[in-house]
Amino acid sequence: MRIVLLMFGIAALALLAAGCKHSSSKSSTTNLLTNGGFETDQKGWSGINGGVVARDATHVSAGSWAQKLTTPGSEPNEGNYSPPTPVASAASGQRWTAQIEIYSVAGGEKVALYIQELNAAENFLTTSGTTVNLVAGWQTIKYTRTLTNASTSRVSLAVRTFETAQAVAVWIDEAKLNQRP
Ligand SMILES: [Ca+2]
């Protein structure tokens, strides 16, 4: 009887864990970036260097909502960055991939997709990425990096205008961060 009760207890715990929104269950193929689809809100996302982010439904890759990123064009490197907090298991030597769907109305913008390494206090340490000249419509940008900073314990994703000041309005959806084996 004790064994049966114990098994029931384990099953109940497993159900509780499965139903918990903050479950830390992870695998190498799981998207570890929370809220990359913007379906409810854009909690955790921020604009930086004048970049403004807003939940928007004008152009959507999946679901009903995307993020509209607007930059003023005052300087290069205007854009956004993602919430790093849920990705707490990053470490130097690990290989990570960032991926977004991004929409340009007419094309011509030059943007960078970055993986940012942060320490436990969420201070930025190392940023690296890939640059793309956008074409009109939806396109996928993907970037893989092996983390290098010994103090890295978190990663986040960022989209920025690159090299020159550009006033842009683009839409971002299906943002992902995956740890690769
Ligand atoms: Ca979406």
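The structure under discussion appears in the preceding block.
The sections below set out a description of the structure shown in this document. (Residues numbered from 1 in each chain as written. Predicted model: local features only at pLDDT ≥ 70, side-chain atom pairs only at ≥ 80, totals over all residues.)

## A closer look at the overall build of the protein chain
Assigned secondary structure in the protein chain consists of one helix and ten strands. Each helix (α) and strand (β) of the protein chain, taken in turn from the N terminus, gives the series α-β-β-β-β-β-β-β-β-β-β. Across the 181 residues in the protein chain, those meeting the buried criterion constitute 34%. In the protein chain, 76% of the contacts between residues at least 6 apart in sequence involve partners at least 24 apart. (Helix = DSSP H or I, 4+ residues; strand = E, 2+ residues; numbered from the N terminus. Buried ≥ 20, exposed ≤ 12 C-beta atoms within 10 Å, placed from the backbone. Contact = placed C-beta atoms within 7 Å.)

## Let's talk about the sheet that holds strand E8 (residues 137-146)
The strand order E2-E3-E10-E5-E8 describes an open sheet built from five strands, whose pairing is antiparallel. Since the sheet does not close on itself, it has two edges, and those belong to strand E2 (52-56) and E8, each with one partner. Direction aside, the axes of adjacent strands within the sheet are offset by 30 degrees on average. Pairing geometry for strand E5 (residues 95-104) and E8, over ten bridges, is antiparallel. Across the sheet, Thr97 pairs through a bridge with Thr144, a residue of E8. (Pairing = 2+ DSSP bridges. Axes fitted to C-alpha atoms, helices over the stretch in contact; angles between N-to-C directions.)

## A word on the environment of Glu122
Relative to the elements of secondary structure, Glu122 occurs in the loop between strand E6 (110-118) and strand E7 (124-133). Linking Glu122 and Pro84, residues 38 residues apart in sequence, is a C-alpha distance of 7.4 Å.

## Focus: unusual backbone geometry
With a phi close to 75 degrees, Glu163 is a non-glycine residue in the positive phi region. Notably, Glu174 is not glycine yet its phi reads approximately 55 degrees, a positive angle. Within the secondary structure, Glu174 sits in strand E10 (residues 169-180).

## Section: the pairing of strand E3 (residues 66-70)
Consecutive side chains of a regular strand alternate in pointing toward one face of the sheet and then the other. Burial analysis of E3 places four of its five residues in the buried class, which makes it a mostly covered element. Here E2 runs beside E3; their pairing, made up of five bridges, is antiparallel. If you follow Ala54 over to E3, its bridge partner there is Lys68. Inspection of the sheet shows E3 paired to E10 by four bridges, in the antiparallel sense.

## Side note on the nonpolar core
Ile102, Leu157 and Ile172 are the most contacted members of the largest nonpolar core, which totals 33 residues. For this core, the elements supplying multiple residues, two or more each, are E3, E5, E6, strand E9 (154-161) and E10. The element contributing the most residues to this core is E6, with six residues. (Core = buried A, V, L, I, M, F, W, Y, C linked by C-beta atoms within 7 Å.)

## Here's the deal with the sheet that holds E9
Strands sit in the order E1-E4-E9-E6-E7 across an open sheet of five strands; the sheet is antiparallel. Unpaired on one side and paired on the other, strand E1 (46-48) and E7 mark the two borders of the sheet. Ignoring strand direction, the axes of neighbouring strands in this sheet form an average angle of 25 degrees. With three bridges joining them, E1 and strand E4 (residues 79-81) adopt antiparallel strand pairing. In the sheet register, Ile48 faces E4, and the bridge partner there is Gly79.

## Some words on the pairing of E9
Of all eight residues in E9, eight are buried, a share of seventy percent or more. When E4 meets E9, the two strands line up antiparallel, connected through three bridges. Following the sheet pairing, Gly79 is matched in E9 by Arg160. Here eight bridges tie E6 to E9, and the two strands are oriented antiparallel to one another.

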